[in-house]
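Next come the chains, spelled out residue by residue.
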Amino acid sequence: MEGTPARPANAVRAPTARRVTDGLDAPKAAGTRPALSLDVPVPAQAVTTKQASAAGDRQIIRVETKAVELPLGFTMRDHIAISVKPLDLGIAPGQLQAELDRATAEKLADDTKAYGADMKAAGFDSLQEWSQAQGYYGSPSHVAWAEAASARTGGQIPAEFWMRFDPFGGTAGNGPHIIPTGLYPGASSRIAMAHDTDWDLGRYFGAGPLSQLQGAPNADELGMLGLPPLLGGDCDYVSPFGHPDWEVAYTTSIEPPGK
């Protein structure tokens, strides 16, 4: 893409921060995951549910994006619901921090090559600063993407890391250059919720259906949606039948009074 399309104002507001889990965080509480170096503060999470599917082979992330009070005490709530099949990255716990440091350095090099001139022209020192200025960093859709990315790794890499690692994760386009339907709740953002995670895992960890991205030259030259047509796997992300490892839905529900 050339230029930066006008970005719509972030129209959703995060609900009161609340987080309910049903045991998926137990390994973390048990101390099996080593402490990671996360020196960048992360906004309050807005995850309303985080659970295993009935079949046990998927994890489900559900994030409330908006709540509107209706007449007679009813409440209309909008959600992002993401069901994802975890991957085994094959990283030993003792090597995790080193792998995250390596991946972060590689991502920074890619971002500087692809967007460094644009960041300078826009007056930003990093993509995170740019994302924060646009109101996307820490928004409900960014949190949903990051929590789903963490679930994709079986919880081995926390959501806080993913938010910092990819400040525009979950938007469709190339980095900060977002296409018109690429921001929640646009249709292309539903593709990006799955694609961005697997792109990052393939490019920087050599894992998942896009593992061929690792070491590929000019990874920033991938077209409007960032879909590499010659590297395999991506046709499933835009197929009307969905991706076998992912289900992404933007839903609205009406709750009766007192619920």
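Everything here concerns the structure above.
In this report, we go over the structure that sits alongside the text. Because the structure is a prediction, the values reported are computed rather than measured.

### Observations regarding unusual backbone geometry
1) Next: With an omega of 5 degrees, the peptide bond running from Y184 to P185 counts as cis.
2) Next: Within the secondary structure layout, P185 lies in the loop between β5 (177–178) and α6 (187–205).
3) Next: The phi dihedral of L72 falls on the positive side, at around 65 degrees, and the residue is not glycine.
4) Next: For L72, a relative accessible area of 76% gives the class exposed.

### With respect to the side chain of T153
1) Next: Assignment of secondary structure puts T153 in the loop between α4 (140–152) and α5 (159–165).
2) Next: According to the relative accessible area criterion, T153 is buried, its value standing at 4%.
3) Next: At a separation of 3.1 Å, a polar atom in the side chain of T153 contacts the main-chain amide nitrogen of I157.
4) Next: Look past the residues within four positions of T153 in its chain and what remains in contact with it is L87, L89, W162 and L201.

### Quick word on helix α2 (residues 96–122)
The α-helix winds at 3.6 residues per turn, so residues separated by three or four positions along the chain end up facing the same way.
1) Next: Compared with an ideal rise of 1.5 Å per residue, which puts 27 residues at 39 Å, α2 spans 34 Å between its outermost C-alpha atoms and falls more than 12% short.
2) Next: Taking the largest bend as the criterion, α2 deviates by roughly 65 degrees, centred on Y115.
3) Next: Looking at α2, one finds that the buried residues are L96, L100, A103, K107, D110, D111, Y115 and M119.
4) Next: Contacts from the buried residues of α2 go to α3 (127–134), α5, β4 (173–174), β5 and α6.
5) Next: Just beyond α2, the residue with positive phi is G123, at close to 85 degrees.

### A few points about the packing of α4 against α6
1) Next: At a minimum axis separation of 10 Å, α4 and α6 run at an interaxial angle of 50 degrees. It follows from the interaxial angle that α4 and α6 lie oblique. Crossing geometry of α4 relative to α6 is assigned as right-handed. Counted together, S141, W145, A149 and R152 of α4 and A192, M193, D196, T197, D198, D200 and L201 of α6 form the full contact between these two elements.

### Remarks on the pattern of salt bridges
1) Next: With the rule as written, the count across this model stands at nine salt bridges.
2) Next: Across the salt bridge formed by R102 and E106, the nearest N and O atoms sit 3.1 Å from each other. Of this pair, R102 and E106 are both found in helix α2, four residues apart, which corresponds to roughly one turn of the helix.
3) Next: For R102, a relative accessible area of 25% puts it in the partly exposed group.

### Things to note about the packing of aromatic side chains
1) Next: According to the stated counting rule, one finds 10 aromatic pairs in the structure shown.
2) Next: Ring centres of W145 and W162 lie 6.2 Å apart, and the angle between their planes is 80 degrees; this geometry places the pair in the edge-to-face category. A residue pair is termed long-range when its members are at least 10 positions apart, and W145 in helix α4 and W162 in helix α5 qualify at 17 residues. Each member of the pair W145 and W162 is classed as buried.
3) Next: Between W162 and F165, the aromatic rings sit 5.7 Å apart at their centres with planes inclined by 90 degrees, giving edge-to-face as the arrangement. Pair noted here: W162 and F165 are both in helix α5, with a separation of three residues, about one helical turn.
4) Next: The exposure class assigned to W162 is buried, which follows from its relative accessible area of 0%.
5) Next: These aromatic residues form a ring-pair network of at least three members: W145, F161, W162, F165, W199, Y204 and F205.
6) Next: Sitting over the face of the ring of F165, K107 holds its NZ or CZ atom 5.5 Å from the ring centroid.

So, how was this worked out
Residues numbered from 1 in each chain as written. Predicted model: local features only at pLDDT ≥ 70, side-chain atom pairs only at ≥ 80, totals over all residues. Heavy atoms only, no water. Helix = DSSP H or I, 4+ residues; strand = E, 2+ residues; numbered from the N terminus. Buried < 20%, exposed > 50% of the residue type's maximum accessible area, 1.4 Å probe, protein only. Polar contact = N/O pair within 3.5 Å; in protein donor to acceptor, adjacent residues only side chain to side chain. Contact = heavy atoms within 4.5 Å. Expected span 1.5 Å × (residues − 1). Bend = angle between axes of the 7 residues up to and from the residue. Axes fitted to C-alpha atoms, helices over the stretch in contact; angles between N-to-C directions. Parallel < 35°, antiparallel > 145°, perpendicular 65-115°, else oblique. Left-handed = near helix turned anticlockwise from the far one by under 90°. Salt bridge = Lys/Arg side-chain N within 4 Å of Asp/Glu carboxyl O. Phe/Tyr/Trp six-rings, centres within 6.5 Å; stacked < 30°, edge-to-face > 60°. Lys NZ or Arg CZ within 6 Å of the ring centre and 35° of its normal.

Coordinates in, geometry out; function isn't part of it.
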